[in-house]
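Residue strings, one per chain:
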Amino acid sequence: MKVTALIPSAGIGKRIGTERPKQFLAINGLPILVYTLKVFDALPEIDEINLIVHKGEEGYCEKIIEGYKLKKVLKIVFGGKTRQESVYNGLKEVNDETGIVVIHDAVRPFVTPEIIRKSIKTARYSDGAVAAIPVRDTMKYAKDKGIIERTVSRSNLWLAQTPQTFRLDIIKEAYHRAFLDNFSATDDSSLVERIGYKVKVIEGSYSNIKITAPEDIILAQRMLDKVNPALVL
């Protein structure tokens, strides 16, 4: 069963406060996007990568693909106004021979091959798999004026990450239904869950951070050699 990775990389990164989109910022001299793509490109379980980019960035991305010899990035797809629109665009370009789709944020460069493999294996025998980490902190629910109404049990709470992995027919159905219903969500699994499918959690990693703020760049620089030394060129 062919496996295609979708890498949404069309965000403009307003929160990070830089002129360049965050996925193109360098950590130890290498763009964040490259770290992410190299993990998937080297993984035998991945047959093909579709990179989803903002229109106008395709030339730079083509240079990255060629310069770093990323052999599995076979398609560059233009993104939309939101992440959801971008992934939907990417799904429309997935090869019909694909059975499993792995969706992973471009700005999570520290994902491990083990997490990706586990997500693929789980998705083959279920409705989908989401990498996530158990909530460590005490959870409070506050409503009006910041007054705490209750303390929420954290025993069954997970923080969703990517990869989020599904059979192609399921994730395409979920995105198409969301489009028809004008429904939006903050992750892929939410769209699958809303139409009745049962998605499984697999344990991710606290190191699988999403780079969204300036302090994340500093943290990533400190983590790089320790978390995934295979990525160091």
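Just so it is clear, the model here is predicted, and its values are computed rather than measured.

Let's hear about the packing of aromatic side chains: which residues, and what values?
In this description, a pair of aromatic rings is defined by centroid distance and the angle of the planes. As enumerated under the stated definition, the model contains three aromatic pairs in all. When the ring of Phe24 is compared with that of Tyr60, the centres are 4.9 Å apart and the planes differ by 85°; the resulting orientation is edge-to-face. Linking Phe24 in the loop between strand 1 (2-9) and strand 2 (26-27) with Tyr60 in helix 2 (residues 58-67), this pair joins segments that are 36 residues apart in sequence. Overall, the relative accessible area of 4% leaves Phe24 in the buried class. Pairing Tyr88 with Tyr175 gives two aromatic rings, centres 6.1 Å apart and planes at 20°, and the pair type is stacked. Taken together, the residues span a long stretch of sequence, with Tyr88 in helix 3 (residues 83-92) and Tyr175 in helix 5 (residues 168-181) at a distance of 87 residues.

So what about the pairing of strand 1? Which residues, and what values?
When you tally the buried positions in strand 1, you get eight out of eight residues, the bulk of the element. Across the two faces of strand 1 the burial is the same, with Lys2, Thr4, Leu6 and Pro8 and Val3, Ala5, Ile7 and Ser9 all buried. Relative to strand 6 (residues 98-103), strand 1 runs parallel, the two sharing five bridges. If you follow Leu6 over to strand 6, its bridge partner there is Ile103.

Which residues make up the nonpolar core, and what values go with them?
By size, the foremost hydrophobic cluster in this structure holds 43 residues, and its most contacted members are Ile7, Leu33, Phe40, Ile46 and Leu51. For this core, the secondary structure elements donating two or more residues are strand 1, helix 1 (32-41), strand 4 (48-53), helix 2, strand 6, helix 4 (113-124), strand 7 (129-134) and helix 7 (214-227). The element best represented in this core is helix 1, accounting for seven residues. Setting aside anything within four residues of it in sequence, one finds Leu33 in contact with Ile7, Ser9, Gln23, Phe24, Leu51, Cys61, Ile64 and Ala106. In this structure, Val77, Phe166, Ile171 and Tyr175 belong to the second largest nonpolar core, which totals 19 residues.

Cut-offs applied
Residues numbered from 1 in each chain as written. Predicted model: local features only at pLDDT ≥ 70, side-chain atom pairs only at ≥ 80, totals over all residues. Heavy atoms only, no water. Phe/Tyr/Trp six-rings, centres within 6.5 Å; stacked < 30°, edge-to-face > 60°. Helix = DSSP H or I, 4+ residues; strand = E, 2+ residues; numbered from the N terminus. Buried < 20%, exposed > 50% of the residue type's maximum accessible area, 1.4 Å probe, protein only. Pairing = 2+ DSSP bridges. Core = buried A, V, L, I, M, F, W, Y, C linked by side-chain atoms within 4.5 Å. Contact = heavy atoms within 4.5 Å.

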